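Letter by letter, the chains look like this.
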Amino acid sequence: YQRRVHGGCSLADSAEAPAYGRYLEEAAKTRSALGGHPLHVVYINTGLLAKAKAQAIVPTITCTSSNVIKMVLQAFAQIPDVHVWFGPDTYMGGNLKTMFESLKDLSDDAIKQLHPQHSPETIKSLLPRFHAFQEGTCIVHHMFGDDVAKKIRDHYSDAYITAHLEVPGEMFAVALKAQQEGRGAVGATSTILNFIVDKIDAALADGKQSQQRLRFVLGTESGMVTSIVKSVQAKLRQDCGIEVEILFPVSGEAIAIGEDTDVMPVVPGVAAGEGCSAGGGCATCPYMKMNTLSALTAICVQISDNGTVEDPASKRFHPRMYGELVRGRTAAEVGSESIMHMRGFQKTGMLPDELVQDVTTREAPPVKVRWVKGEGIDW
């Protein structure tokens, strides 16, 4: 077995780019420029070194797609003059702002069900203090753009519409509208899965003997279908007269016409034959698909044959240690701080006191920071 290529992530790479360093330096100047205190909310799909460098520049907390909405609302409630700087996912940041915009038009009771300390007035006040990085995208979610949104509106008006927080705004808007009408869901993968399961449960409870066909448009990476299929199969073991169809919308350039139109008229991937790759354009992450069972088996065999993991031939399989220095400490040590802040939030629903104190007392770095991919920082 030879490791031929390094796995990666286009979104994580965005957080290593110089533009992200400039974005964080702007955030660090919030007190002098905007009259408030900065909090950097970083999406978990970023490298530990990037998290460490961010933490050195501005107080940082890690988030996931399932906790980010409550986390941001809690930050605004707990620190009245805070400015939240979200990144690096541009689509998620824009969609969060769209969602917050929609909240301001809800009733006071409806908003308090989402967060007890918020009201239409507090939602309006936080909108100008929510900032989102503008140069970070996931190459898979980038494919769910205006072309796909139009196809869904034109051809799938009878289906339930779901969308992950990372998809482009056009697709997100379609799903958000569907959610407001009770026929869709937006949010994390768990939110989408729970929505599909709930709709199936409702159909089963309805008890109708006639055949029912439930259609769900899935606006996220296609790997999610495994957990959905398992959940659906568990519900539909017996012949209950219900069928479930999962639809993956992709842009027109993401498919090609097959040579044998009777057997396979449509083939994933563009005419050049890239298939489900970054160039092919179907709803599949090429980086995730580098993690194959055959590759894992080959690694296990390699290590087993060598006897010990310390053998030189197996060292290339060791996890990265993140020993780069960030203000005199290892990236592993500094980068884990934002993750521990997230864990604290998940346990209590509050930002940890240590983080709040950091947000309200930290001064901006005294000099311009040199932000280089793969390198630590100091000043």
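Residues numbered from 1 in each chain as written. Predicted model: local features only at pLDDT ≥ 70, side-chain atom pairs only at ≥ 80, totals over all residues. Heavy atoms only, no water.

So, the packing of helix H4 (residues 48–57) against helix H14 (residues 331–348)
Under the convention used in this document: Interaxial angle, 0 to 180 degrees, is taken between N-to-C directions of lines fitted to C-alpha atoms, where a helix line uses only the stretch in contact. Think of it this way: any DSSP run of H or I at least four residues long counts as a helix, any run of E at least two long counts as a strand, and we number them from the N terminus. An angle below 35 degrees is treated as roughly parallel, one above 145 as roughly antiparallel, one from 65 to 115 as roughly perpendicular, and anything else as oblique. Residues are treated as being in contact if the distance between any of their heavy atoms lies within 4.5 Å. Gly falls in the polar group here, along with every residue not listed as nonpolar (Ala, Val, Leu, Ile, Met, Phe, Trp, Tyr, Cys, Pro) or charged (Asp, Glu, Lys, Arg).
With their axes 7 Å apart at the nearest point, H4 and H14 run at an angle of 80° to one another. Our classification of the angle between H4 and H14 gives roughly perpendicular. Seen from H4, the contacting residues are Leu48, Leu49, Lys51, Ala52 and Gln55; seen from H14, they are Ala331, Ala332, Val334, Gly335, Ser336, Glu337, Ser338 and Ile339. A per-class count over the contact of H4 with H14 returns 7 nonpolar, 4 polar and 2 charged.

Points about the layout of surface pockets
Going by this rule: Of the grid points, spaced at 1 Å and generated over the protein atoms alone, those admitting a 1.4 Å probe that cannot get out make up cavities, while open sets with protein on both sides within 12 Å along at least five of seven lines make up pockets; any residue with an atom within 4 Å of a point is treated as lining. Grid points are joined across faces, edges and corners, and a volume is the space filled by probe spheres set on the points.
Of the pockets and cavities examined, the second largest pocket occupies roughly 440 Å³. Lining the second largest pocket are 20 residues, and of these Ile69, Met99, Leu103, Leu114 and Gln179 sit closest to its centre. When contributions to the lining of the second largest pocket are tallied by element, the ones reaching two or more residues are helix H5 (68–78), helix H6 (90–103), helix H7 (108–114), helix H10 (169–180) and strand E6 (184–187). For the lining of the second largest pocket, the class distribution of residues is 11 nonpolar, 8 polar and 1 charged.

So, the side chain of aspartate 358
Stated precisely, the cut-off is as follows: The buried label applies to any residue whose accessible area, calculated with a 1.4 Å probe on protein chains only, is under 20% of its type's maximum; exposed applies above 50%, and partly exposed to all values in between.
Its place among the elements puts aspartate 358 in helix H15 (residues 353–361). Relative accessible area serves as the criterion here: at 19%, aspartate 358 is assigned to the buried category. Once you skip the residues sitting within four places of it in the chain, aspartate 358 turns out to touch Gln55 and Pro59.

Keep in mind these numbers describe shape, not what the thing actually does.
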